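# Overview (structure and organization)
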Amino acid sequence: MSKDIKIKRGVDIKLVGAADKVYGDVSPSETYVIKPTDFHGVVPKLLVAEGDEVLAGDQLFYSKDEERVRFTAPVSGEIAEIKRGNKRKILEVKILADKEVRYKQFETGAQADLSKEKVTGLMLDAGLWPMLRQRPYDVTANPDDAPKAIFISAFDSAPLAPDYDFMLEGRETDFQAGIDALSCLTEGKIHLSVRGKSAPAKVFTEAKGVERHNVTGPHPAGNVGIQIHHIDPINKGEVVWYVNPQDVATIGRFFAEGKYDASRTIAVAGSEVNQARYFKVVTGVQLSRMLEGNLKEGNIRVISGNVLTGSKVGADGYLGFYDHVVTAIPEGDEPELFGWIAPGFDKFSISRAFPSWMMPGKKYALDTNMHGEKRAFVVTGEYERVLPMDIYPQQLLKSIMVGDVEAMEQLGIYEVSPEDFALCEVVCTSKMDLQKTIREGLDTIKHEMS
Amino acid sequence: MKKLLRNFFDGIKPNFEKGGKFEKFHPALDAFETFVFVPGETTHSGAHIRDGIDLKRTMFFVIIALVPSLLFGMYNIGFQHYSQLGEEFTLMSAFLFGLWKVLPMIVISYGVGLGIEFLFAIIRGHQVNEGYLVTGMLIPLIMPVDLPLWMLAVAVVFAVIIGKEVFGGTGMNILNPALTARAFLFFAYPTYMSGNAVWVADAGTVDAISGETILGGLAAAKEVLSQAAAGTGYDSWTPMEAFLGLIPGSVGETSTLAIILGAAFLLWTGIGSWRIMLSGLLGASLMGLIFNAFSVNLLMATPWYEHLVIGGFAFGLVFMATDPVSAAQTTKGKWIYGFLVGFFAIMIRVFNPAYPEGIMLAILLMNVFAPLIDHYVVQANVKKRMKRMNTAKA
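## Quick notes on the overall build of chain A
Counting its secondary structure elements, chain A contains 12 helices and 21 strands. The globule rule puts the C-alpha radius of gyration for 450 residues at 22 Å, and the 22 Å found for chain A is close to it. For chain A, with 450 residues in total, the buried portion stands at 62%. Here the analysis covers contacts within chain A between residues at least 6 apart in sequence; of these, 70% occur between residues at least 24 apart. A total accessible area of about 17,400 Å² is found for chain A, and carbon and sulfur atoms account for 47% of it. Charge separation in chain A, taken as the distance between the mean sites of 54 positive and 66 negative side-chain charges, equals 3 Å.

## Description of the overall build of chain B
Scanning chain B from N- to C-terminus turns up 17 helices and 1 strand. A compact globule built from 394 residues should have a C-alpha radius of gyration of about 21 Å, and chain B, at 23 Å, falls within 12% of that. In chain B, buried positions account for 55% of the 394 residues. Summarising the internal contacts of chain B: among those between residues at least 6 apart in sequence, 70% fall at separations of at least 24. On chain B, roughly 16,400 Å² of surface is accessible, and the fraction owed to carbon and sulfur atoms is 70%. Seen as two clouds, the 25 positive and the 25 negative side-chain charges of chain B have centres 18 Å apart.

## Looking at the interface of chain A and chain B
Reports often express the size of an interface as the amount of accessible area lost when the parts come together. Each partner contributes to the interface: chain A provides 75 residues, whereas chain B provides 59 residues. Between chain A and chain B lies a buried interface of about 5,900 Å² when both sides are counted; carbon and sulfur atoms form 55% of it. A per-residue breakdown of the area chain A buries against chain B is headed by Trp-340, Arg-375 and Tyr-392 of chain A, which together make up 14% of the total. Our count for the chain A to chain B interface comes out at 7 salt bridges. Seen at the junction of chain A and chain B, the total is 41 residue pairs in polar contact (both at pLDDT 80 or more). Put simply, the parts of the chain that give the side of chain A that touches chain B at least two residues each are strand S18 (300–304), strand S19 (311–312), strand S21 (336–337), helix H9 (393–401), helix H10 (405–410), helix H11 (422–427) and helix H12 (434–449) of chain A.

## Some thoughts on a nonpolar patch on the surface
Residues and elements named next belong to chain B. Among the surface-exposed residues, Leu-267, Trp-274, Leu-278, Leu-282, Trp-335 and Ile-336 lie close enough to one another that they form a single nonpolar patch of about 530 Å² accessible area. Those elements that place two or more of their residues in the nonpolar patch are helix H12 (274–293) and helix H16 (331–351). At 3 residues, the largest contribution of residues to the nonpolar patch is made by H12. Along the polypeptide, Leu-267 turns up in helix H11 (residues 256–269). Note on Leu-267: relative accessible area 33%, which makes it partly exposed.

## Quick word on the packing of helix H5 (residues 131–141) of chain B against helix H7 (residues 177–188) of chain B
All names here are of chain B. Direction vectors running N to C along H5 and H7 enclose 35°, while the axes themselves pass 8 Å from each other. At the point where H5 passes H7, the crossing takes the right-handed sense. Counting all contacts with H5, which are made through Thr-135, Leu-138 and Ile-139, the residues of H7 involved are Pro-177, Ala-178 and Ala-181.

## Some thoughts on the sheet that holds strand S2 (residues 20–23) of chain A
By way of backbone hydrogen bonds, the strands of a sheet pair with one another, either parallel or antiparallel. With mixed pairing, 6 strands are arranged side by side in an open sheet as S2-S17-S16-S20-S18-S19 (chain A). Strands with a single pairing partner mark the edges of an open sheet, and in this sheet they are S2 and S19 of chain A.

## Overview of the environment of Gly-131 of chain B
Residues and elements named next belong to chain B. Locating Gly-131 in the fold gives a position in helix H5. When its relative accessible area of 9% is taken as the criterion, Gly-131 is described as buried. Sequence separation between Gly-131 and Thr-170 is 39 residues; the distance between their C-alpha atoms is 5.7 Å.

## Let's talk about the side chain of Asp-58 of chain A
Residue and element names in this part refer to chain A. When you line up the elements, Asp-58 lands in the loop between strand S5 (53–54) and strand S6 (59–63). Although buried, Asp-58 forms no salt bridge, and the nearest oppositely charged side chain, Lys-104, lies 4.1 Å from it. At 2.7 Å, the side chain of Asp-58 and the backbone nitrogen of Leu-55 are in polar contact.

## Let's talk about the packing of aromatic side chains
In the structure shown here, the tally under the stated rule is 34 aromatic pairs over all chains. On the numbers, 5.9 Å between centres and 35° between planes, the contact of Tyr-75 of chain B with Phe-79 of chain B is tilted. With a gap of 4 residues between them, Tyr-75 of chain B and Phe-79 of chain B both fall in helix H3 (residues 55–85), about one helical turn apart. When its relative accessible area of 11% is taken as the criterion, Phe-79 of chain B is described as buried. A network of ring pairs unites the aromatic residues Phe-338 and Trp-340 of chain A together with Phe-35, Phe-60, Phe-61 and Phe-265 of chain B as a single cluster. When the ring centre of Tyr-23 of chain A is taken as origin, the NZ or CZ atom of Lys-280 of chain A, which lies over that ring, is 4.5 Å away. Stacked on the ring of Phe-37 of chain B, the Lys or Arg Arg-6 of chain B has its end atom at 4.6 Å from the ring centre.

## So, the sheet that holds S6 of chain A
Residue and element names in this part refer to chain A. Reading across from one edge, S4-S6-S7 is the order of the 3 strands in this open sheet, with antiparallel pairing throughout. Single-partner strands in this sheet number two, and they are strand S4 (44–46) and strand S7 (70–72). Going from strand to strand, the sheet's axes swing by 30° on average, the running direction of each strand aside.

## Some thoughts on the pairing of strand S17 (residues 277–282) of chain A
All names here are of chain A. Alignment of S2 against S17, held across 2 bridges, turns out to be parallel. Pairing of Asp-20 across the sheet is with Arg-277, part of S17. Relative to S17, strand S16 (residues 263–269) runs antiparallel, the two being bridged by 6 bridges. What sits directly across from Ile-266, in S17, is Phe-279.

## Describing the pairing of S16 of chain A
All names here are of chain A. Counted residue by residue, S16 has 6 buried out of 7 residues, so it is predominantly covered. Sheet analysis places S16 next to strand S20 (residues 325–330), joined by 3 bridges and oriented parallel. Residue pairing for S20: Ala-269 is matched across the bridge by Thr-327.

What counts as what
- Residues numbered from 1 in each chain as written.
- Chains lettered and ligands numbered in written order.
- Predicted model: local features only at pLDDT ≥ 70, side-chain atom pairs only at ≥ 80, totals over all residues.
- Heavy atoms only, no water.
- Helix = DSSP H or I, 4+ residues; strand = E, 2+ residues; numbered from the N terminus.
- Rg over C-alpha atoms; globule rule 2.2 N^0.38 Å.
- Buried < 20%, exposed > 50% of the residue type's maximum accessible area, 1.4 Å probe, protein only.
- Contact = heavy atoms within 4.5 Å.
- Areas by Shrake-Rupley, 256 points an atom, 1.4 Å probe, with all protein chains shown as cover.
- Lys, Arg positive; Asp, Glu negative; His and termini not counted.
- Charge placed at Lys NZ, Arg CZ, Asp CG, Glu CD.
- Buried area = accessible area lost by both parts, 1.4 Å probe.
- Salt bridge = Lys/Arg side-chain N within 4 Å of Asp/Glu carboxyl O.
- Polar contact = N/O pair within 3.5 Å; in protein donor to acceptor, adjacent residues only side chain to side chain.
- Patch = residues over 30% accessible without salt bridge, like charges linked within 9 Å, V, L, I, M, F, W, Y side chains within 5 Å.
- Axes fitted to C-alpha atoms, helices over the stretch in contact; angles between N-to-C directions.
- Left-handed = near helix turned anticlockwise from the far one by under 90°.
- Pairing = 2+ DSSP bridges.
- Phe/Tyr/Trp six-rings, centres within 6.5 Å; stacked < 30°, edge-to-face > 60°.
- Lys NZ or Arg CZ within 6 Å of the ring centre and 35° of its normal.

None of this, on its own, says anything about what the molecule does.
Structure follows, in structure tokens:
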């Protein structure tokens, strides 16, 4: 059974440097890193010390607020460094990897014996649980919650997004096993959204035990938050979970083989990459493996994730836990003479104030320049053009800025996450940091509710 | 050139930074520097790429849209002056006469207004906002040509301080600042803002000139607007003359044609709200039709479509009602707001004999109601969410 959802509002920002659908050669990384900062709201308590030996699947740290949520090593090796920042905040746990990965063996049992308790317990122990994230608040799922549904978005619509159809080719069995395990966790439905206007891979079309939705439209149509809003919106007091399709396959393999195999496919893309392509790596891999000799000259920003929501890591940085793409774009730190008045053929805008709007197929090599300075809210209606939700974005943002919890609730804070506001942030004439504001709002509400 | 300017700013900058001689005046230098150079500042949090547009470009585009009205206004000032005084003139001499009249108004408007903006930026230690770039051009365009310059200066001071800065500056104001300037003058110095003497340059010095506007004439029950009026002198005008703008009136608001050119540019670039413009036209047309149905005086009998080309209606609707800060901000709200602006503009025009131009008061009135309109639009959305929640629980 499948349903159609048409998203009308939004915009596809076409960037130069999409990854070719071929796999690049990559030698295994010497070091791997797990960053507690990837998991919003998690205060880590360490279980290992520098010099300890770990297997892939061994626990590294846990969440102080929810001790059952464990974070585990993606590879085997020795804990090389525990990097700390201000106030001794743990930033990275670095593992010096073995040449051959040794896995910790878990007793997963036959698929037929799986119950909610068993799946939850195993996923928590093996460090797979953080793959499940929840709405509202957009944080790691709480194992005590009974989600009304689990959502999987099987396509990414962000600029230079990786193609999940390609990435999950041949992983039908793992994916189905993952769906079967996840179905133990909810009494509601598992919603799987595929891109409506193409022929999705059979890994998605042949998946059983899911309700499939054909979603068409520009970005953010691929955002799970937008899909939830259109399929089964969240009311106050309700919880839904969501998970990335690659992680579904990882969960599936875990239950089939009893080991945490953290390998995944990522795309390396962007205008500053010489050969944009896909690579098979392991979570936490050092990016220099894919980028050495593969970057152009100049001042370049390397982002783990996409250009809308990713984090700046540098060419020697590491892949984030939730990231499936690495993007390299130019830094735009050069002042531009009369840039606000110049025609700007190479500038992207939704405003039609640049001639580029008459070239709909044009691809851009955008840099990281702000193109202006921060201002008060002046222009109206621009967020509404790119946020396909029945929500008043500007009013919601204002309610967060003044800390009005009741207004935030009424205006739909439970349904949004920072990534849903990424496009609003891009098109904002006043150059506001909207994702940060939404995150602050979610944190405030979570604090108020707990 | 770029390097020269860059070196200049880099050279004087240390004086304006923390600990420098002119530390306090940093916002002033910053305003000039960012005018010349879009800063090389890059994204730090959130999205790594950003839209090419900023507030400077947005405001600049509105100014471009005002250029046809400005240029035509200059010509019309000369045209009205020479033709009503019965003197010979050419296109160029009429334009130069207008230029001579309007340029000081623009200089005063920008000089005084930006002076206050800079002062507030320095006192508050924030950046100079671009909002006044548009307001500074709008104010001279909605004033009578013979307005004393000191009065204009006082109006600008009032508009910027009371109309905007007391609310927190650009983006925070409730009323349209340019209209606040005009309303201030209208109430403070009514003899300079209405009547017969102010709409044609130097009309007050010559007895023979009628000098009144079409609306003034209609309100005084004179047949000043008709097809038959062609060639009957400057006591009356044809609808086509009103459309082209060869009529007495405020500097920039007489030519509906020039305003349409500006509106087309705003709509083409997506800077102006088409919803407000369209719904404003609909509202005005409906009110005009209602009056036509019950016409008991000349203003009511004026065909609804002629209402759209006389007075400041078109200018107000295109350049004032669409001000995003003081207009309604929700999409549905914009439809309601625009419609009511148009509706009340014609209503006030017909029912207010003392000052038969309704668009200014209609926009100011709706500025006050815009937050209320938005409130109800947003509440409807909230109710929908609450209803959904109750259904989910049931």
